[in-house]
Amino acid sequence: MTTTGVPAPTSAPSPGSAQGTVRRLIVYTLLFALVAIAASGVSGLLTRLFEVGDPLALGGNSGLALSLAFALIGGTLAAVLWWVVWRRLAEESERRSLAWGLYVTAMYTVSLIVATSALVGTATALLVARWSPGDFAVGAVWALVWVWHRAMWRHSVKHPTRLGTVPAVLGSVYGLVIGVAGGVNALGALFDAAIREAPAQS
């Protein structure tokens, strides 16, 4: 109540805050799904391209049509949605949103895990003189997805301001796990070879 008898205005909550949070969660969830669908389609097409023999016969016409649909439709929708999101990130409220940080963290981590797992599978197959085009295609495509999201995470202006250090921590932990697992496998192979050669030398 003021001295003139008129009630003082109360501070109303900022309109659209809850709606904005829900909108961001829906948009970034949809973007995550579309990027994954597009990557699946492109990797399927690359698998047919790298396949020795008749690449069109791999998986039949239905598999080829599904990969084309995922790559063209999913890729187009992902590109359009990403363009809209990227323009909105000029606003500080969008960069400070938890949804943006969660999206970058989730896609950064998922793409890193999928790419490294597929490329390790490709290298393992090559060690036994076997070509695995599917693993190589998946690894190459998801590696590009990882590079793309790493660039967004490290962007000078539009990088997420919340959860900004989480991708680096998760990447370091995953790299440590991969290094330890690789070292254990290498030692196991070395011991196995030594045990196999011991009877022959005796």
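What counts as what
Residues numbered from 1 in each chain as written. Predicted model: local features only at pLDDT ≥ 70, side-chain atom pairs only at ≥ 80, totals over all residues. Heavy atoms only, no water. Axes fitted to C-alpha atoms, helices over the stretch in contact; angles between N-to-C directions. Helix = DSSP H or I, 4+ residues; strand = E, 2+ residues; numbered from the N terminus. Parallel < 35°, antiparallel > 145°, perpendicular 65-115°, else oblique. Left-handed = near helix turned anticlockwise from the far one by under 90°. Contact = heavy atoms within 4.5 Å. pLDDT = per-residue confidence, 0-100. Phe/Tyr/Trp six-rings, centres within 6.5 Å; stacked < 30°, edge-to-face > 60°. Buried < 20%, exposed > 50% of the residue type's maximum accessible area, 1.4 Å probe, protein only. Lys NZ or Arg CZ within 6 Å of the ring centre and 35° of its normal. Expected span 1.5 Å × (residues − 1). 1 Å grid on protein atoms, 1.4 Å probe; cavity = no way out; pocket = protein on both sides within 12 Å on 5 of 7 lines; lining within 4 Å. Points joined across faces, edges and corners; volume = space filled by probe spheres on them. Nonpolar A, V, L, I, M, F, W, Y, C, P; charged D, E, K, R; others polar.

Enquirer: Just checking my understanding: could you explain the packing of helix H1 (residues 17–50) against helix H5 (residues 133–153) for this structure?
Expert: Axes are the key here: two packed helices are described by the angle between their axes and the distance separating the axes. Relative orientation of the contacting elements H1 and H5 amounts to 140°, with a least axis distance of 8 Å. Taken together, the axis directions place H1 and H5 in an arrangement best described as oblique. Of the two elements, H1 crosses H5, and the hand of that crossing is right-handed. Contacts between H1 and H5 involve Val35, Ala36, Ala39, Val42, Ser43, Leu46, Thr47 and Phe50 from the first element and Pro133, Gly134, Phe136, Ala137, Val138, Val141, Trp142, Val145, Trp148 and His149 from the second.

Enquirer: Explain the confidence of the model for the chain to me, please; I cannot follow it from the model alone.
Expert: For the chain, per-residue confidence averages 78 on the pLDDT scale, and residues scoring 70 or more make up 68% of the total. Between the elements of the chain, mean pLDDT differs from a low of 59, seen in helix H6 (residues 166–201), to a high of 92, seen in H5. Confidence drops under pLDDT 50 across residues 8–16; counting only partners more than four residues distant or on other chains, this segment forms two contacts.

Enquirer: How should the packing of aromatic side chains be read in this particular structure?
Expert: By convention here, two paired aromatic rings are described through the distance between centres and the angle between planes. For the structure shown, the criterion picks out nine aromatic pairs. Judged by centre distance (5.3 Å) and plane angle (65°), the rings of Tyr108 and Trp153 are edge-to-face. Of the two residues, Tyr108 is situated in helix H4 (residues 98–127) and Trp153 in helix H5; the sequence distance between them amounts to 45 residues. With relative accessibility at 4%, the residue Tyr108 sits in the buried group. By way of ring pairs, the aromatic residues Tyr28, Trp100 and Tyr103 are connected into one cluster. Just above the ring of Trp153 sits the side chain of Arg154; from NZ or CZ to the centre is 6.0 Å.

Enquirer: Would you explain H5 in this entry?
Expert: For H5, which comprises 21 residues, the first-to-last C-alpha distance of 30 Å matches the rise-based estimate of 30 Å (1.5 Å per residue) to within 8%. Among all positions in H5, only Pro133, Ala137, Gly139, Val141, Trp142, Val145, His149, Met152 and Trp153 are buried.

Enquirer: Any chance you could explain the layout of surface pockets here in plain terms?
Expert: If a probe the size of a water molecule is rolled over the atoms, the empty space left behind becomes visible. Its boundaries defined by the atoms lining it, the largest pocket holds a volume of some 180 Å³. Elements represented by at least two residues in the lining of the largest pocket include exactly H1, helix H2 (60–88) and H5. Among the residues forming the lining of the largest pocket, the class breakdown is 10 nonpolar, one polar and no charged. Residue lining of the second largest pocket: Thr21, Arg24, Leu25, Ser93, Arg96, Ser97, Leu98, Ala99, Leu102 and Arg162, and that is the complete set. Put simply, the parts of the chain that give the lining of the second largest pocket at least two residues each are H1 and H4. Taken together, the residues of the lining of the second largest pocket break down into four nonpolar, three polar and three charged.

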